[in-house]
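Each chain is listed here by its residues.
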Amino acid sequence: MKESRFSENFWSTDITSTVGYDNLIQHMNDGRKTCKELEDFIKQRVSIEEKYGKDLVSLSKKVCGQNELNTLKRAFDVFKQQIENVGLSHIQLASSLREEIKKLEEFREKQKDQRKKIEHSMENLHKQKIMFYKKTMDSKKTYEQKCKEKDEVEQMLNRSAGVSNSKQQEKLQAKANQSKQSAEDADRQYQHNVSTLEKIQEEWQTEHIKTCEVLEKQDCERIHSIRNAMWVHTNQLSQDCVTSDEMYEEIRKVLEQCNIQKDLDFFIDLKRTGDIPPAFILYENYYNGQRGVALTRAPVNPRRMPLPSPGSSECEPQYASVGDNGYSFVRYQ
């Protein structure tokens, strides 16, 4: 199937019409508007990413888990650090998007400058063509009018032959000669204008074809650039998601290393105060001076009960490992 071309589909049989050229220019203006809309769209995305990134960095500085110890403390440290890294990643994404906006702006301005020269040349040719067309049509009317006058005078001269006197005949002959000369002058002027208009029209057609080819090339480049810009934009967002997930993976890894019993043991070793509870207070009778007589009461084990084994605790959560289904979720027995 033959490919359609601008240069073959934007003509008009009306010599004064510019409808084909006007449709092309309108299409190019719409394309330039689309470029600007995409630039504005990405600019808004830059603002969103930058604000989100800064908010995450600010959030990572907030006090959170500072009183925790051992493995849970390390988990909090990594958790906050990776949240900050995610925020910085979004700020970097905003910077990368700005570079793409700059490329789009440069492309749009480059095409605008190229079109200015073309449009200026075509507008001049349009004006020249229309002006000479009107001039040619006026010369045609003059030529036709002079021909009619010449014919009328010649008819009058023929009718007066042998009827009018010699003086009248001479007058009519002089008038016929003059009308004939006027008709010939008008004919030459008309032919000259037609020839000039033909040259102008040929120049306009050649320039129109060139303009169509340039605008078609620009439109191809515009479609390619817009498509590529959206493709790059999508890849940048996708890569940022991958980068963020890698950072979240670091959090999941340190959470897997979080050990409840180790944290309990660490706290006990750090803050323990002793393993013997205080002795019971004995009753002392004021009158008989008896000391150290304990009140009758049920026997009590003076020592505290030992802590239950962490491994057998029913309330302790089990953490999923990387290879398990439902990875990163806390499961309870």
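The model shown is predicted, which means the values in this text are computed figures rather than measured ones. Sequence order as written defines the numbering, with residues in each chain counted from 1. Restriction of local features to residues with pLDDT of at least 70 applies here, the model being predicted, together with a cutoff of 80 or more for giving and counting side-chain atom pairs; totals for whole chains, interfaces and linings are based on all residues. Note: side-chain values were computed over all heavy atoms of the structure, leaving out hydrogens and water.

J.: Please explain the overall build of the chain as it appears in this structure.
T.: Each helix and strand in the chain was counted, giving 4 helices and 2 strands. Under the DSSP-based scheme used, a helix requires at least four consecutive residues in state H or I and a strand at least two consecutive residues in state E, with every element numbered from the N terminus. Its helices and strands taken in sequence order, the chain reads α-α-α-α-β-β from the N to the C terminus. For every residue, the accessible area obtained with a 1.4 Å probe (protein chains only) is divided by the maximum for its type, and the residue is called buried under 20%, exposed over 50%, and partly exposed between those limits. Here the chain holds 333 residues, and the buried ones make up 26% of them. We call two residues contacting when some pair of their heavy atoms lies within 4.5 Å. For the chain, long-range pairs separated by at least 24 residues make up 78% of all intrachain contacts whose partners lie at least 6 apart in sequence. Residue burial considers only the protein chains on display, and all accessible areas are found by Shrake-Rupley using a 1.4 Å probe. Within the structure as shown, the chain displays about 23,900 Å² of accessible surface, and the carbon and sulfur contribution to it stands at 53%.

J.: Mind showing me how you'd approach the pattern of salt bridges here?
T.: Side-chain pairing between opposite charges can occur once the charged atoms of the two side chains come close. Put simply, a salt bridge is a Lys or Arg side-chain nitrogen that is within 4 Å of an Asp or Glu carboxyl oxygen. Enumeration over the complete set of coordinates arrives at 19 salt bridges. Linking Glu-105 and Lys-43 is a salt bridge whose minimum nitrogen-to-oxygen distance equals 3.4 Å. You can see Glu-105 sitting in helix H2 (residues 70–160) and its partner Lys-43 sitting in helix H1 (residues 19–60), a full 62 residues away along the chain. The partly exposed category is assigned to Glu-105, whose relative accessible area is 28%. The class for Lys-43 is partly exposed, based on a relative accessible area of 34%. With its nearest N and O atoms 2.9 Å apart, the salt bridge here joins Arg-98 to Glu-50. In this pair, Arg-98 sits in helix H2 while Glu-50 sits in helix H1, placing the two residues 48 residues apart along the sequence. Exposure remark for Arg-98: the relative accessible area of 39% places this residue in the partly exposed category. Sharing partners across several salt bridges, the network here consists of Glu-3, Arg-5 and Glu-216.

J.: Explain the packing of H2 against helix H3 (residues 166–256) to me, please; I cannot follow it from the model alone.
T.: Helices that pack against each other are described as a pair by the angle of their axes relative to one another and the distance between those axes. All axes here are fitted lines through C-alpha atoms, helices being fitted over the stretch that makes contact, and every angle between N-to-C directions spans 0 to 180 degrees. Relative orientation of the contacting elements H2 and H3 amounts to 170°, with a least axis distance of 6 Å. As judged from the angle between their axes, H2 and H3 are roughly antiparallel. Residues belonging to the contact of H2 with H3 are distributed by class as follows: 38 nonpolar, 29 polar and 18 charged. Should an angle fall under 35 degrees it is called roughly parallel, over 145 degrees roughly antiparallel, and 65 to 115 degrees roughly perpendicular, with every other angle called oblique. Residue type decides the class: Asp, Glu, Lys and Arg count as charged, Ala, Val, Leu, Ile, Met, Phe, Trp, Tyr, Cys and Pro as nonpolar, and the leftover types, Gly among them, as polar.

J.: Would you explain a nonpolar patch on the surface in this entry?
T.: Like-charged residues are merged into a patch within 9 Å and nonpolar side chains (Val, Leu, Ile, Met, Phe, Trp, Tyr) within 5 Å, provided each residue has over 30% relative accessible area and no salt bridge. Taken together, Leu-264, Phe-267 and Ile-268 make up a surface patch of nonpolar side chains, about 260 Å² in accessible area. Looking at where Phe-267 falls in the secondary structure, it is placed in helix H4 (residues 260–271).

J.: For this particular structure, what's the right way to read unusual backbone geometry?
T.: The phi angle of most residues is negative, glycine excepted, and most peptide bonds adopt the trans form. Although it is not a glycine, Asn-70 sits at a positive phi angle of roughly 55°. By secondary structure assignment, the location of Asn-70 is in helix H2.

J.: Would you explain the side chain of Ser-89 in this entry?
T.: Locating Ser-89 in the fold gives a position in helix H2. Not counting chain neighbours up to four residues away, the residues in contact with Ser-89 comprise Asp-240, Thr-243 and Met-247.

J.: How should the packing of aromatic side chains be read in this particular structure?
T.: Between rings of Phe, Tyr and Trp, where Trp is taken as its six-membered ring, a pair exists when centres lie within 6.5 Å; planes separated by under 30 degrees are stacked, by over 60 edge-to-face, and by other angles tilted. Summed over the entire model, instances satisfying the criterion amount to 4 aromatic pairs. Between the aromatic rings of Trp-11 and Trp-204, the centroid separation amounts to 5.8 Å while the plane-to-plane angle is 85°, which identifies the pairing as edge-to-face. Within this pair, whereas Trp-11 is found in the segment before H1, its partner Trp-204 is found in helix H3, the two being separated by 193 residues in sequence. Summarising the aromatic geometry, the rings of Tyr-286 and Tyr-287 are spaced 5.3 Å apart at their centres and angled 90° between planes, so their arrangement reads as edge-to-face. The exposure classification of Tyr-286 matches that of Tyr-287, with both residues exposed. For a Lys NZ or an Arg CZ to count as sitting over a ring, it must be within 6 Å of the ring centre and within 35 degrees of the ring normal. Directly above the aromatic system of Trp-204 lies the positively charged group of Lys-129, at a separation of 3.5 Å from the ring centroid.

Don't take any of this as a statement about function, it's just geometry.
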